[in-house]
Amino acid sequence: MIDTPIIEEINAWTTPLFVTTMPDHDFLKEALLAAVYQQKSLQTTAIDSRIAPKAKHALHESTLDFLEIADANIMEAKRVFEELILEVAASVNQAFWPEDMEADAHIIESWYHVTQSGGYHDVHSHPNCSWCGIYYLEPGDAKNEGHGGLNRFYDPRANAEHYADPGTAYLGGQGVWDFTPTEGQIILFPSYLKHSALPYFGKKDRVVIAFNSIIEAY
């Protein structure tokens, strides 16, 4: 009698992304939009962050401290973002953190994008942080098919597409994952994951708040 071999599955190098909805989005939206446009009116250049301006077209980007503004609505948004980040980080690291470890999430950089028709952001990743987020404050016309403005994430597994047959169907085909901007939606993702904002064509501004965070243990 031949024993049936035991085959163990090891899910190595998976890439988790998380999607949720901003609590009280309907309450916060107008106040946050007002703060965005107030700061935009004070900008001295389209890309106030001065980071990779040639990778961005037809959009306005703030300095990297938008969520540090002393405004009750902005402070509430930051609090929610940090709570969500900590929940995500704790869930994926549960097997690796000591049982008695306590941790906090801290947003270290935050900014807005106000994108006009024809605007886009080339492929990039976010260094010097662990978890990142995109909050669709006002998707504009990007929520409607044919207007572009999607956020595209790229498969980090090098050569995952070098050969295709039924045995590689699980790899996901074209190697990208697209998010159609949905009002109030938040996407949380690991900082190493490359992504872009595809060209947007719409009459209304496409407005997002983005942020980078670190996790500190104590």
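Residues numbered from 1 in each chain as written. Predicted model: local features only at pLDDT ≥ 70, side-chain atom pairs only at ≥ 80, totals over all residues. Heavy atoms only, no water.

Student: Teacher, can you tell me more about the overall build of the protein chain here?
Tutor: Each helix and strand counted, the protein chain has two helices and nine strands in total. Order of helices (α) and strands (β) in the protein chain, N terminus to C terminus: β-α-β-α-β-β-β-β-β-β-β. By its C-alpha atoms, the protein chain is 80 × 45 × 30 Å across when sized along the principal axes. Across the 218 residues that make up the protein chain, the buried fraction comes to 41%. Contacts spanning at least 24 positions in sequence make up 84% of the contacts within the protein chain whose residues lie at least 6 apart. Just so you have it, the protein chain exposes about 12,800 Å², and 54% of that area is on carbon and sulfur atoms. The distance from the centre of the 14 positive side-chain charges to the centre of the 31 negative ones in the protein chain is 13 Å. (Helix = DSSP H or I, 4+ residues; strand = E, 2+ residues; numbered from the N terminus. Buried < 20%, exposed > 50% of the residue type's maximum accessible area, 1.4 Å probe, protein only. Contact = heavy atoms within 4.5 Å. Areas by Shrake-Rupley, 256 points an atom, 1.4 Å probe, with all protein chains shown as cover. Lys, Arg positive; Asp, Glu negative; His and termini not counted. Charge placed at Lys NZ, Arg CZ, Asp CG, Glu CD.)

Student: Looking at this structure, I do not really get empty space enclosed by the protein. What am I missing?
Tutor: It is the rolling of a water-molecule-sized probe over the atoms that shows where space remains empty. With the rule as written, the count across this model stands at one cavity of 30 Å³ or more. When its volume is computed, the largest cavity comes out at roughly 30 Å³. If you go around the largest cavity, the residues you meet are Leu59, His113, Thr115, Gly119, Tyr120, His121, Gly149, Ala197, Leu198, Tyr200 and Arg206. Counting residues per element, the lining of the largest cavity draws most heavily on strand β3 (residues 103–124), which supplies five residues. For the lining of the largest cavity, the residue count by class is five nonpolar, five polar and one charged. (1 Å grid on protein atoms, 1.4 Å probe; cavity = no way out; pocket = protein on both sides within 12 Å on 5 of 7 lines; lining within 4 Å. Points joined across faces, edges and corners; volume = space filled by probe spheres on them. Nonpolar A, V, L, I, M, F, W, Y, C, P; charged D, E, K, R; others polar.)

Student: Explain the pairing of strand β5 (residues 151–154) here, please?
Tutor: Regular strands have side chains that alternate between both faces of the sheet. Taking every second residue as pointing to the same face, the buried face of β5 carries Asn151 and Phe153, while none of Arg152 and Tyr154 on the other face is buried. Across four bridges, β5 lies against strand β6 (residues 176–179) in antiparallel orientation. For tyrosine 154, the partnering residue across the bridge sits in β6 and is valine 176. In terms of strand pairing, β5 meets strand β8 (residues 195–197) through three bridges, oriented antiparallel. (Pairing = 2+ DSSP bridges.)

Student: Teacher, can you tell me more about unusual backbone geometry here?
Tutor: When glycine is set aside, most residues are seen to have a negative phi, and most peptide bonds are trans. Of note, alanine 58 is a non-glycine position whose phi angle comes to about 55°, a positive value. Checked against the element boundaries, alanine 58 lands in strand β2 (residues 56–61). Residues other than glycine seldom take positive phi values, yet asparagine 128 does so here, at roughly 65°.

Student: Quick question: what am I supposed to make of the layout of surface pockets here?
Tutor: The computed volume of the largest pocket comes to approximately 540 Å³. In this structure, the largest pocket is lined by 21 residues; those nearest its centre are Thr15, Asp155, Pro156, Arg157 and Leu171. When contributions to the lining of the largest pocket are tallied by element, the ones reaching two or more residues are β5 and β6. The greatest single-element share of the lining of the largest pocket, amounting to three residues, is contributed by β6. Broken down by class, the residue content of the lining of the largest pocket amounts to 13 nonpolar, six polar and two charged. Looking at the second largest pocket, its volume works out to about 410 Å³. Lining the second largest pocket are 25 residues, with Glu61, Trp111, His121, His124 and His126 sitting closest to its centre. When residues of the lining of the second largest pocket are traced back to their parent elements, those giving at least two are β2, β3, β8 and β9 (206–217). Broken down by element, the residue count for the lining of the second largest pocket peaks at six residues, all from β3. Of the residues assigned to the lining of the second largest pocket, the class counts are 12 nonpolar, nine polar and four charged.

Student: Which parts of the structure should I look at to understand the side chain of aspartate 48?
Tutor: Its place among the elements puts aspartate 48 in the loop between α1 (25–41) and β2. The charged side chain of aspartate 48 is buried without a salt bridge, its nearest counter-charge being arginine 50 at 5.0 Å. Polar contacts involving the side chain of aspartate 48 include one to the main-chain amide nitrogen of threonine 45, which spans 3.3 Å. In this view, aspartate 48 contacts Gln43, Glu61, Ser62 and Thr63; residues no more than four positions away in its chain are not counted. (Salt bridge = Lys/Arg side-chain N within 4 Å of Asp/Glu carboxyl O. Polar contact = N/O pair within 3.5 Å; in protein donor to acceptor, adjacent residues only side chain to side chain.)

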